[in-house]
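Chain by chain, the residues run as shown.
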Amino acid sequence: MLADAFGNALGNSIVGGIQRSETENNNRNRYIEVMGQKLTADTALKIDGQLATNLNKSLNTTMQGVDASVDRMLWAISRNNAIDANAQFAADEARIASRQQGVVDRANGLSASLSSQASALENMHRNQIAGIQK
């Protein structure tokens, strides 16, 4: 009986040691799993934060480029409008000059015609006076 009790005590001690070892392994595995999840979550937060920072920097850079492009486009539109206004003004001035030249040409033609008629009248008047004086 003593040997049986000793065997039971020895067996119980071995089984208890194995159970404690399994419990320690389970606890260690749970700790490793929890720490792994925590590390994964912390890493994900850091990565998300870095991605957000990089995205904001990228968006700011892009928006600065867009703003600069819009400013250049607005300047170009303004410049084109000024050029168009200048071209319209020049075209209007050319039409006015053309009309004025037409008036001058007609006046010159009328002057030549009147000058010719005046010469003819003057000759006719001289001839009449010459005829009277004879």
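Reading the values: the criteria
Residues numbered from 1 in each chain as written. Predicted model: local features only at pLDDT ≥ 70, side-chain atom pairs only at ≥ 80, totals over all residues. Heavy atoms only, no water. Helix = DSSP H or I, 4+ residues; strand = E, 2+ residues; numbered from the N terminus. Buried < 20%, exposed > 50% of the residue type's maximum accessible area, 1.4 Å probe, protein only. Areas by Shrake-Rupley, 256 points an atom, 1.4 Å probe, with all protein chains shown as cover. Salt bridge = Lys/Arg side-chain N within 4 Å of Asp/Glu carboxyl O. Patch = residues over 30% accessible without salt bridge, like charges linked within 9 Å, V, L, I, M, F, W, Y side chains within 5 Å.

### What to know about the overall build of the protein chain
Helices and strands together make up the secondary structure of the protein chain, namely 1 helix and 0 strands. Each of the 134 residues in the protein chain was classed as buried or not, and the buried ones make up 1%. Total accessible area on the protein chain stands at roughly 11,600 Å², and carbon and sulfur atoms take up 60% of it.

### Quick look at the pattern of salt bridges
Across all of its chains, the model carries 3 salt bridges by this definition. With a shortest N-O distance of 3.2 Å, Asp 42 and Lys 38 are connected by a salt bridge. With a gap of 4 residues between them, Asp 42 and Lys 38 both fall in helix H1 (residues 2–133), about one helical turn apart. Given a relative accessible area of 31%, Asp 42 falls into the partly exposed group. Across the pair Arg 95 and Asp 92 runs a salt bridge whose closest N-O atoms are separated by 2.2 Å. With Arg 95 and Asp 92 both in helix H1 and 3 residues apart, this pair spans about one turn of that helix. The exposure class of Arg 95 is partly exposed, given its relative accessible area of 39%.

### Observations regarding a nonpolar patch on the surface
The grouping of Met 63, Val 66, Val 70, Leu 74 and Ile 77 at the surface amounts to a nonpolar patch, some 430 Å² of accessible area in total. By the element assignment, Met 63 lies in helix H1.

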